[in-house]
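# Breakdown of the fold
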Amino acid sequence: MEEKVRDGLLFDFYGDLLSEKQRNIYRAYAYEDLSLSEMAEEFGMTRQGISETIHRATKNLREYEERLGLEAQYRQVKALAEDIEASDDAKVCHAKAKKILELL
């Protein structure tokens, strides 16, 4: 399940880089949780065609992340922001805020 959640996050970052067809099918897969049969009917394709499109889109999303690293950067910034929120030490907060600015 964790993998599907991460792939959904990658879609949030890189979905606009997919073809319109891939984007629409992947959105139905990730956010509407439609079955292959439901998507095949909706998009006028075979279940195999839908499955291949999802796998191709997933592969593309993961390749974009390998090259650009936006999701990894997001996780780093989020972790640092959570540390700042939990800390009472001004020096620690300042150092972590500085690290966030460097990442951005």
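Numbering of residues begins from 1 in every chain and follows the order in which that chain's sequence is written. The model is predicted, so local features are restricted to residues of pLDDT at least 70 and side-chain atom pairs to those at 80 or more, both for listing and for counting; the totals for chains, interfaces and linings are taken over all residues. Values reported for side chains reflect all heavy atoms of the structure, with hydrogen atoms and water molecules removed beforehand.

A separate point is the overall build of the protein chain. Within the protein chain, the secondary structure is distributed over six helices and zero strands. Counted from the first residue to the last, the protein chain has its helices and strands arranged as α-α-α-α-α-α. Here the C-alpha atoms of the protein chain give a radius of gyration of 18 Å, more than 25% beyond the 13 Å that 2.2 N^0.38 yields for 104 residues. Once the C-alpha set of the protein chain is aligned to its principal axes, its extents read approximately 60 × 25 × 15 Å. Comment: elements are numbered from the N terminus, with helices defined as DSSP H or I runs of at least four residues and strands as E runs of at least two. The globule rule used here is 2.2 Å times the number of residues to the 0.38 power, and the radius of gyration it is set against is calculated over C-alpha atoms.

As a further point, take helix H2 (residues 20-30). Relative accessible area decides the class of each residue, using a 1.4 Å probe on protein chains only: under 20% of the type maximum gives buried, over 50% gives exposed, and in between gives partly exposed. When we look at burial in H2, the residues that qualify are Gln22, Arg23, Ile25, Tyr26 and Ala28. The contact rule is simple, with two residues in contact once any of their heavy atoms fall within 4.5 Å. Check the buried side of H2 and you find it contacts helix H1 (2-14), helix H3 (36-43) and helix H4 (47-68).

On to the pattern of salt bridges, then. Each salt bridge in this description consists of a side-chain nitrogen of Lys or Arg and a carboxyl oxygen of Asp or Glu lying within 4 Å of one another. Per the counting criterion, the structure on display carries seven salt bridges. The residue Glu3 makes a salt bridge to Arg62 at a minimum N-O spacing of 3.2 Å. Highlighted residues: Glu3 in helix H1 and Arg62 in helix H4, separated in sequence by 59 residues. A relative accessible area of 54% places Glu3 in the exposed class. In this structure, Lys4 engages Asp33 in a salt bridge whose closest nitrogen and oxygen atoms are separated by 3.4 Å. With Lys4 in helix H1 and Asp33 in the loop between H2 and H3, the pair connects residues that are 29 residues apart, well separated along the chain.

What goes into a patch is any residue over 30% in relative accessible area without a salt bridge, connected to like charges within 9 Å or, for nonpolar side chains (Val, Leu, Ile, Met, Phe, Trp, Tyr), within 5 Å. Values of accessible area rely on a 1.4 Å probe in the Shrake-Rupley scheme; residue burial ignores everything except the protein chains shown. Neither His nor the chain ends is counted toward charge; the positive residues are Lys and Arg and the negative residues Asp and Glu. By convention, charge coordinates are those of NZ in Lys, CZ in Arg, CG in Asp, or CD in Glu. Together, Glu32, Glu38, Glu41 and Glu42 give the surface a local cluster of negative charge. Structurally, Glu32 is set in the loop between H2 and H3.

Right, let's talk about the nonpolar core for a bit. Grouped together as the largest cluster of nonpolar side chains are 13 residues, with contacts concentrated most on Tyr26, Met39, Ile50, Ile54 and Leu61. Secondary structure elements with two or more residues in this core: H1, H2, H3 and H4. Not counting the four nearest positions on each side in its chain, Leu61 is found in contact with Asp7, Leu10, Phe11, Tyr14, Gly15, Leu18 and Tyr26. Here, the term nonpolar core denotes a set of buried Ala, Val, Leu, Ile, Met, Phe, Trp, Tyr and Cys residues that are joined through side-chain atoms within 4.5 Å.

To continue, consider the packing of aromatic side chains. Think of it this way: a Phe, Tyr or Trp ring, Trp meaning its six-membered ring, pairs with another when their centres are within 6.5 Å, and the plane angle makes it stacked under 30 degrees, edge-to-face over 60, tilted otherwise. Going through the model one piece at a time under the given rule, you end up with six aromatic pairs. Summarising the aromatic geometry, the rings of Phe13 and Tyr14 are spaced 6.2 Å apart at their centres and angled 45 degrees between planes, so their arrangement reads as tilted. Take Tyr14: its relative accessible area is 1%, and that puts it in the buried class. Among the aromatic residues, those joined into a cluster by ring pairs are Phe11, Tyr26, Tyr29 and Tyr31. Against the face of Tyr29 rests Lys4, its NZ or CZ located 4.6 Å from the ring centre. For a Lys NZ or an Arg CZ to count as sitting over a ring, it must be within 6 Å of the ring centre and within 35 degrees of the ring normal.

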